[in-house]
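A structural walkthrough
This is what each chain is made of:
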Amino acid sequence: MSTESHSDRTYNQIVNAWCMYDWANSAFATTILAAVLPVYYSQVAGATLPSEARATAYWSTGVSLSLFIAAILSPILGTVSDVMRGKKRFLALFVGLGVIGTGLLVLVDTGDWLLASILFLFGRLGFTAANVFYDALLPHVAKAEDQDRVSTRGYAMGYLGGGLLLAINVVMIQVLPGTWGPRLSFLSVAVWWAVFSIPIFTRVPEPPAATASLIPGENVVTVSFRRLLETLADIRQYSELFKYLLAFLIYNDGIGTIISVSAIYGAELGFGSVELILALLLVQFVGIPFSLIFGRLPSQDEKRRPLFLALIVFNLVAMPLVGIAGARALPGEITGAPLPPYTTTLDAVGEGTYPVTSDALTCEGAWRTETIPAENLGADADVTYITTTEPGARCDLVFNGQKVELTYSTGPNHGIWAIEVDGRPLLDEDTGRPLTIDGYNRTVRYGVRRSVQAEQPGRHTLILINTGDQDPGSQGTVTALAQVKILPPIRKSNLGAIIGIIVGVEVVGVLFALLLGKPLFSGLVETLDTRRSIILSLIVYAVIAVWGYFLNSVIEFWLLAWMVSIVQGGSQALSRSLYASMSPAAKSGEFFGLYGVMEKFSAIVGPLLFAAAAAAFDSSRPAVLSLIVLFLIGIFLLTRVNVEEGRRVAREEDAALLGTG
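These lines cover the structure that appears in this document, whether it is placed above or below. None of the values given here were measured: they were computed from a predicted structure. (Residues numbered from 1 in each chain as written. Predicted model: local features only at pLDDT ≥ 70, side-chain atom pairs only at ≥ 80, totals over all residues. Heavy atoms only, no water.)

A pair of packed helices can be characterised by two numbers: the angle between their axes and the separation between those axes. Interhelical geometry of helix α16 (residues 495-525) versus helix α18 (residues 554-581) gives an angle of 45° and a closest axis separation of 10 Å. Overall, the two elements α16 and α18 adopt an arrangement that is oblique. Two packed elements cross with a definite hand, and for α16 against α18 that hand is right-handed. From α16, Leu 495, Ile 498, Ile 499, Ile 501, Ile 502 and Glu 506 reach across to α18, where they touch Val 554, Ile 555, Trp 558, Leu 559 and Trp 562. Residue classes in the contact of α16 with α18 are distributed as 10 nonpolar, no polar and 1 charged. (Axes fitted to C-alpha atoms, helices over the stretch in contact; angles between N-to-C directions. Helix = DSSP H or I, 4+ residues; strand = E, 2+ residues; numbered from the N terminus. Parallel < 35°, antiparallel > 145°, perpendicular 65-115°, else oblique. Left-handed = near helix turned anticlockwise from the far one by under 90°. Contact = heavy atoms within 4.5 Å. Nonpolar A, V, L, I, M, F, W, Y, C, P; charged D, E, K, R; others polar.)

Right, here's the structure in full:
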């Protein structure tokens, strides 16, 4: 059914129903993929695995496997959905698969890593495959002139829906006891996804099938495979589209990598979990208006285009300047800039890592040494532990600093040990009771980490004592320690002041756009079409990659997150709509299946490039900077794409298959 045949009211209802699915499934992206399940898998579901590294490896394997399966199935099922008129049917199938897999994560508790892996595989496969059929509906839902606007509206809805449920889930995790907060958060994602998917099934009509491809005596699967192979064999016919796909693969590698490693990079720089979670929420909510702004940049009917372009260019220049200047001019207590490192003194060790074999630790009692092979740890080298079962056995560390990270092992025969600082029990902030570490676990696990913190920085004595007590389930009183790490000074920042600075910059930016937008940018904005708007977003990403290499303060991290939120939704939404405009609507399932394959490779290749650069330089900073290569190559390849030629080929293909012009 053609979009032109609908009344304006019906058309808007269909568009809104399609956009609502982004609201529905983005909860999976935020809570399951980004914020909650990865940590829950490592700390709870994988608690019985030998190490956190092993849990991370299993998690990464599940992610890669789900992406690989989806990459194989997407173009095949997409083509079948074109031939048999089944896009909504396949969408419903994979939404159901994803919802069930996600909802059953509520059953995952301590040690259930295999169950979590299987359910996540189904959930991620459902999420990824359903997106193929959702995206394939875009050219049937939106008029050609509306596709940029509708695509970006969908992303804006996704940011809002995913951000709202993530905020609710964070509160649930803080309030509910034990593991119930995360587990019920997983269930809430499934319910959210299912309920808000209803409009797309009830309001959006099923597009027509490309029945011209059917030959008497052949079944739909045979026709689908034949047509897919013909498309791949006749790449010359779709040369502009495939040139665009190559550009998309490369620049989306960079975008996907920035999204996936931003939290890890922030943690490596020493930013607190509160700052990181709030920065993620900042990107979610700020992305809403800027996604809509990017959707209107290519529209010739939009009168405010010069103002929008002025605001984007202002942010491109002002955010790095304000962030860099603020980090150097304002007090570190406001900006979160690094404080001077703790140094070693005559009688105390400073910032650094101290294995149990070093002279920094002084141990009393019957301790024995045990070396754990690297293959048991999922590590690069063997690690030495010291263990004791003697009540009262202790290890002392005299250090200069404030926060200390302990690395130890847990197991079925491990007991409870006390922690003292300067001869006094360290108190739990929540209960006010003496802090202890319960080493009991159903299976042996190495590399467990726990941080403890003195009230003030300075010279302290950390004392670890085997109490001789044990958990009711424990079979012994073993205490096992591998190393002690004196962490860098705790960054201090004033998020209220930082947000105030951001708001102030945006107020100036809005005034700049209102006063100078038309005089300065009216001519330039007329040159912006969808392709050039994507290039503009990639220029912003290139600046982000360069700034990311140098940034070293909370204020810079937040202003950088603001810049990411400006382009993240718009770049991806316009990429989707540009691809839709160059794809035959009659083959939208097939072509968005191929588009999905490129997205899957982006999720694999980009992080591998980042990891290789980080390993080569032993730092994530050069790895962040290396992403600029992907953006520059992507920009160059985009300039080589003849969009109008690609659209002409798509129209001719539709005319041949559906009898439309």
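To continue, consider the side chain of Thr 31. Relative to the elements of secondary structure, Thr 31 occurs in helix α1 (residues 8-35). The class of Thr 31 is buried, set by a relative accessible area of 0%. Sequence-distant contacts of Thr 31, defined by excluding residues within four places in its chain, comprise Val 36, Leu 37, Leu 166, Asn 169, Ser 185 and Val 189. (Buried < 20%, exposed > 50% of the residue type's maximum accessible area, 1.4 Å probe, protein only.)

Between side chains of opposite charge, a pair can form as their charged atoms come close. Enumeration over the complete set of coordinates arrives at 15 salt bridges. Salt-bridge contacts for Arg 296 lead to Glu 302; the nearest nitrogen and oxygen are separated by 3.7 Å. Using a relative accessible area of 15% as the deciding quantity, one classes Glu 302 as buried. Via salt bridges that share partners, Asp 22, Asp 135 and Arg 576 belong to a single interconnected network. (Salt bridge = Lys/Arg side-chain N within 4 Å of Asp/Glu carboxyl O.)

We now examine the nonpolar core. Residues Trp 18 and Tyr 244 are the most contacted members of the largest nonpolar core, which totals 145 residues. Here this core takes 16 residues from α18, the largest share from any one element. If near-sequence neighbours (up to four positions away) are discounted, Tyr 244 is found in contact with Tyr 251, Ile 534, Ser 575, Leu 578, Tyr 579, Met 582, Leu 638 and Val 641. Formed by 28 residues, the second largest nonpolar core is a distinct cluster that contains Trp 417, Val 421, Ile 437 and Leu 462. (Core = buried A, V, L, I, M, F, W, Y, C linked by side-chain atoms within 4.5 Å.)

In this section: the environment of Ile 198. Along the chain, Ile 198 turns up in helix α9 (residues 198-203). Assessed through its relative accessible area of 47%, Ile 198 is described here as partly exposed. Along the sequence, Ile 198 and Ala 24 sit 174 residues apart, while their C-alpha atoms lie 9.3 Å from each other.

On to the packing of aromatic side chains. Within this structure, the stated rule accounts for 21 aromatic pairs. Where Trp 23 meets Trp 192, the ring centres are 5.6 Å apart and the plane angle is 10°; that geometry is what we call stacked. On the criterion of sequence distance, the pair formed by Trp 23 in helix α1 and Trp 192 in helix α8 (residues 180-195) is long-range, its members being 169 residues apart. Trp 192 matches Trp 23 in its accessibility class, with the two residues each being buried. Taken together, Tyr 244, Phe 248, Tyr 251 and Tyr 579 form an aromatic cluster joined through their ring pairs. The ring of Tyr 11 has Lys 143 lying over it, and the distance from NZ or CZ to the ring centre is 4.7 Å. The ring of Trp 180 has Arg 183 lying over it, and the distance from NZ or CZ to the ring centre is 4.2 Å. (Phe/Tyr/Trp six-rings, centres within 6.5 Å; stacked < 30°, edge-to-face > 60°. Lys NZ or Arg CZ within 6 Å of the ring centre and 35° of its normal.)

A few words on helix α17 (residues 530-550). Its 21 residues place the ends of α17 31 Å apart at the C-alpha level, agreeing with the 30 Å of an ideal helix rising 1.5 Å per residue. Buried residues dominate α17, accounting for 15 of its 21 residues. Sitting at the head of α17, Asp 529 places a side-chain oxygen 3.3 Å from the backbone nitrogen of Arg 531. (Expected span 1.5 Å × (residues − 1). Polar contact = N/O pair within 3.5 Å; in protein donor to acceptor, adjacent residues only side chain to side chain.)

A word on the state of the cysteines. Applying the stated criterion across every chain yields a total of 1 disulfide. Between Cys 363 and Cys 395 runs a disulfide, and the two sulfur atoms are separated by 2.0 Å. Looking down the S-S bond of the Cys 363 and Cys 395 bridge, the torsion is 105°, so its handedness is right-handed. Remark: Cys 395 occurs in strand β5 (residues 394-410) and Cys 363 occurs in strand β2 (residues 361-364); sequence separation between them is 32 residues. (Disulfide = S-S within 2.5 Å.)

What follows deals with the packing of helix α13 (residues 305-329) against α17. Running from N to C, α13 and α17 cross one another at 0°; their axes reach a closest spacing of 11 Å. When the interaxial angle is binned, α13 and α17 end up roughly parallel. Residues Leu 309, Ile 312, Leu 316, Met 319, Pro 320, Gly 323 and Ile 324 of α13 pack against Leu 536, Ile 539, Val 540, Val 543 and Trp 547 of α17. In the contact of α13 with α17, the residues fall into 11 nonpolar, 1 polar and no charged.

Structurally, Asp 146 can be placed in the loop between α6 (138-141) and α7 (147-175). With relative accessibility at 13%, the residue Asp 146 sits in the buried group. Within the local environment of Asp 146, its side chain forms a polar contact with the side chain of Tyr 11, the two groups lying 2.7 Å apart.

By the criterion of burial, β5 is predominantly enclosed, with 14 of the 17 residues buried. Alignment of β5 against strand β9 (residues 445-466), held across 15 bridges, turns out to be antiparallel. Looking at the pairing, Cys 395 lines up with Leu 464 of β9. Pairing of β5 with strand β10 (residues 479-486), which is carried by 5 bridges, proceeds in the antiparallel orientation. Bridging from a neighbouring strand, Glu 405 pairs with Lys 485 of β10. (Pairing = 2+ DSSP bridges.)

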